[in-house]
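Listed below, chain by chain, are the residues.
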Amino acid sequence: MSAASAGGAARAARQQTHLWVAQRVTAMVLAIAVVVHLVMIIGAVRGGLSAAEILGRTRGNEAWLAFYVVFALAAGLHGAIGLRNIAAETIGLRGRAADLAWLAIGLATAVFGIRAAIGLYA
Amino acid sequence: MASAASLTVSVWRGGEQGHFARFDVPARENQTVLDVVTYIQRELDPSLAYRFACRVGMCGSCAMTVNGRARWTCRTHVRKVVGAGGALELRPLGNLPVIRDLVADLAPFFDKWSRARGTFQPKEAEEGAVPDDFAIVPPASKQRRQADAGIECIGCAVCYSSCDVVAWNGDYLGPAALNRAWTLVNDVRDGARRDRLDAVAGDAGCHSCHSTQSCTERCPKNLDPSLAIAGLKRTLFWDTLLGRR
Ligand code: SF4
Ligand code: SF4
Ligand code: FES
């Protein structure tokens, strides 16, 4: 292997490692966030659920906004990286272009979630 | 099923394309699968190609697929693996090209050892020269124990041929090469840690392992490549997160 292509391979391996680390870190975030989310839902539906009650909790509350922004980012990235791995193994979809596309899909998914969170905050 | 008077042995003949040939081999009380193959080659068909050397589980050259499962044949007793009616099916190792009959081409397997930087790189002597002094590595130290756990690999490729990820991804380095890399990552005398971790990272490396543990389950030396791979992942996780890479 030439020095240049060895360097390229090492760089690619590093980028793939970054995706893997992101996958693990988002998994840890999700493990906590999903629990918080579920507990919150169970608490919220007790005694009936109303739009006014939800908005009362979230409107103007930076803590909930931050929580849901982080949650949406983690979910979007985690899902997209997972699909990337499945696509690589099943249909052989690999490479830098595919990775960037998956990253874009993950971020786009997160943006939907973040928009919804901002809607509840504003 | 050791009581059948003879074994009905189906043996792969040919290369990638080929067929099974049937042989009847006398059953014995104590008989290894390698004994059966040797009997066929000596008594029934001298053109049969297969590989072995030590016959005592040291060299790693005799592995084949026996009734669907990769095994070292010199240490596998027929009575433990034989099917109903004395049936044995022998194929070359899977996940590797077939040269002829029971002989698989191990070149891709060993190429991956070198891609995983499976060679020791002495710290002080860059070009592989003998260092000036002995290194002292306490046997009870954690790194020494982790290196010791994987060092007895005989390179038989049983794990490699049992790994689904190797089948899905032709670039995947596989359990034996990664196990070897982990022993060297833990070798305090080695100076190529950084390059080696680069070599075993990413989609062709440890990050593709699904931790299914077929390698660990099937390794005839009872090594635990799956644990070694987890060690590589853990090391790369912290090194990456803490910006050490
Ligand atoms: S644990 Fe990893 S290396 Fe071992 S067989 Fe499973 S996928 Fe292959
Ligand atoms: S790890 Fe075990 S199964 Fe794999 S090559 Fe080494 S001895 Fe054989
Ligand atoms: S012949 Fe050497 S390990 Fe089987």
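Naming follows an unreviewed UniProt entry, where chain B appears as Succinate dehydrogenase iron-sulfur subunit of Neoroseomonas terrae. Under the UniProt heading Subunit (unreviewed entry), the note attached to chain B is "Part of an enzyme complex containing four subunits: a flavoprotein, an iron-sulfur, cytochrome b-556, and a hydrophobic anchor protein." In its Pathway (unreviewed entry) section, the UniProt record describing chain B reads: "Carbohydrate metabolism; tricarboxylic acid cycle; fumarate from succinate (bacterial route): step 1/1."

Under an unreviewed UniProt entry, chain A has the name Succinate dehydrogenase and belongs to Neoroseomonas terrae. Under the Subcellular location (unreviewed entry) heading, UniProt states for chain A: "Membrane". Within the UniProt record for chain A, the comment given under Cofactor (unreviewed entry) is "heme".

A. Representation of the overall build of chain B in the model. Helix and strand counts for chain B come out as 10 helices and seven strands. In terms of its C-alpha atoms, chain B occupies a principal-axis envelope of roughly 65 × 35 × 30 Å. Here chain B, with 245 residues, has 49% of them falling under the buried criterion. Long-range contacts, defined here as pairs at least 24 residues apart, represent 64% of the contacts in chain B between residues at least 6 apart.

B. The arrangement of the site of ligand 1 in detail. All names here are of chain B. Near ligand 1 there are 13 residues, and of these Cys-163, Cys-209, Thr-212, Gln-213 and Cys-215 occur at the shortest range. Elements represented by at least two residues in the shell around ligand 1 include exactly helix 9 (214-218) and helix 10 (225-241). In terms of residue class, the shell around ligand 1 is made up of seven nonpolar, six polar and no charged.

C. Quick peek at the site of ligand 2. Around ligand 2, the surrounding shell consists of Cys-153, Ile-154, Gly-155, Cys-156, Ala-157, Val-158, Cys-159, Ala-176, Cys-219, Pro-220, Lys-221 and Pro-225 of chain B. Across the shell around ligand 2, the residue classes tally to 10 nonpolar, one polar and one charged.

D. Fine view of the confidence of the model for chain A. Averaged over every residue, the pLDDT of chain A is 89; residues scoring 70 or more account for 96%. Summarising per-element confidence for chain A, the mean pLDDT is lowest in helix 2 (residues 51-58) of chain A (84) and highest in helix 3 (residues 62-91) of chain A (94).

E. Region of the structure containing the packing of helix 4 (residues 142-150) of chain B against helix 7 (residues 175-185) of chain B. Residues and elements named next belong to chain B. Between helix 4 and helix 7, whose axes approach to 8 Å, the crossing angle comes to 155°. By the angle class used here, helix 4 and helix 7 are roughly antiparallel. When the axes of helix 4 and helix 7 are compared, the crossing they make is left-handed. Within the contact between the two elements, helix 4 uses Gln-143, Gln-146, Ala-147 and Gly-150 and helix 7 uses Asn-179, Trp-182, Thr-183 and Val-185. Here the residues of the contact of helix 4 with helix 7 are counted per class, giving three nonpolar, five polar and no charged.

F. Helix 7 of chain B, seen in detail. Among the 11 residues in helix 7 of chain B, 10 count as buried, and that is most of the element. Buried residues of helix 7 of chain B: Pro-175, Ala-176, Ala-177, Leu-178, Asn-179, Ala-181, Trp-182, Thr-183, Leu-184 and Val-185 of chain B, and no others.

G. Representation of the domain arrangement of chain B. Residue and element names in this part refer to chain B. In terms of domain boundaries, chain B breaks down into domain 1 (6-104) and domain 2 (107-241). Using C-alpha coordinates to define each centre, domain 1 is positioned 29 Å away from domain 2. Of the roughly 1,200 Å² buried between domain 1 and domain 2 on both sides combined, carbon and sulfur atoms contribute 61%. When residues of domain 1 are sorted by the area they lose upon contact with domain 2, Arg-69, Trp-72 and Asn-95 head the list and together hold 44% of the total. On inspection of domain 1 and its partner domain 2, the count reaches one salt bridge. Where Glu-217 meets Arg-69, a salt bridge forms, and the shortest distance between an N and an O atom there is 3.5 Å. Seen at the junction of domain 1 and domain 2, the total is two residue pairs in polar contact (both at pLDDT 80 or more). Of the residues forming the side of domain 1 that touches domain 2, the biggest block, four residues, is contributed by strand 4 (residues 69-72). For the side of domain 1 that touches domain 2, the class distribution of residues is eight nonpolar, four polar and two charged.

H. Molecular detail of the UniProt feature "transmembrane region" (unreviewed entry) in chain A. Residues and elements named next belong to chain A. Per the UniProt record, the feature "transmembrane region" (unreviewed entry) sits at residues 21-45, 65-88 and 100-121. Taken as a whole, residues 21-45 contains 100% helix and 0% strand, while its terminal C-alpha atoms sit 36 Å from one another. In this annotation, residues 100-121 is assigned 100% helix and 0% strand; the end-to-end C-alpha distance for the span is 31 Å.

I. The packing of aromatic side chains, seen in detail. The full count for this structure, using the stated rule, is 13 aromatic pairs over all chains. Grouping aromatic residues by their ring pairs yields a cluster made of Trp-64, Phe-67, Tyr-68 and Phe-71 of chain A. Sitting over the face of the ring of Trp-12 of chain B, Arg-91 of chain B holds its NZ or CZ atom 5.0 Å from the ring centroid.

J. Broad picture of the nonpolar core. Within the largest apolar cluster, 61 residues are counted, with the highest numbers of intra-cluster contacts made by Val-9 and Val-200 of chain B. Broken down by element, the residue count for this core peaks at six residues, all from helix 7 of chain B. A domain split of this core shows at least three residues from each of domain 1 (6-104) and domain 2 (107-241) of chain B. The residues touching Val-200 of chain B, leaving out its near neighbours within four places in the chain, are Ala-116, Leu-173, Leu-178, Ala-181, Gly-205, Cys-206, Leu-232 and Leu-236 of chain B. By size, the runner-up hydrophobic cluster in this structure holds 10 residues, among which are Leu-65, Phe-71, Ala-74 and Ala-117 of chain A.

K. A look at unusual backbone geometry. All names here are of chain B. The residue Arg-55 is not glycine, and still its phi comes out positive at about 65°. Located in the positive-phi region is Asp-101, a residue other than glycine, with phi close to 50°. By secondary structure assignment, the location of Asp-101 is in the loop between strand 6 (98-100) and strand 7 (103-104).

Conventions adopted
- Residues numbered from 1 in each chain as written.
- Chains lettered and ligands numbered in written order.
- Predicted model: local features only at pLDDT ≥ 70, side-chain atom pairs only at ≥ 80, totals over all residues.
- Heavy atoms only, no water.
- UniProt positions renumbered as here; feature names shortened; annotations may be inferred.
- Helix = DSSP H or I, 4+ residues; strand = E, 2+ residues; numbered from the N terminus.
- Buried < 20%, exposed > 50% of the residue type's maximum accessible area, 1.4 Å probe, protein only.
- Contact = heavy atoms within 4.5 Å.
- Near = heavy atom within 4 Å.
- Nonpolar A, V, L, I, M, F, W, Y, C, P; charged D, E, K, R; others polar.
- pLDDT = per-residue confidence, 0-100.
- Axes fitted to C-alpha atoms, helices over the stretch in contact; angles between N-to-C directions.
- Parallel < 35°, antiparallel > 145°, perpendicular 65-115°, else oblique.
- Left-handed = near helix turned anticlockwise from the far one by under 90°.
- Domains from an automatic or database assignment.
- Buried area = accessible area lost by both parts, 1.4 Å probe.
- Salt bridge = Lys/Arg side-chain N within 4 Å of Asp/Glu carboxyl O.
- Polar contact = N/O pair within 3.5 Å; in protein donor to acceptor, adjacent residues only side chain to side chain.
- Phe/Tyr/Trp six-rings, centres within 6.5 Å; stacked < 30°, edge-to-face > 60°.
- Lys NZ or Arg CZ within 6 Å of the ring centre and 35° of its normal.
- Core = buried A, V, L, I, M, F, W, Y, C linked by side-chain atoms within 4.5 Å.

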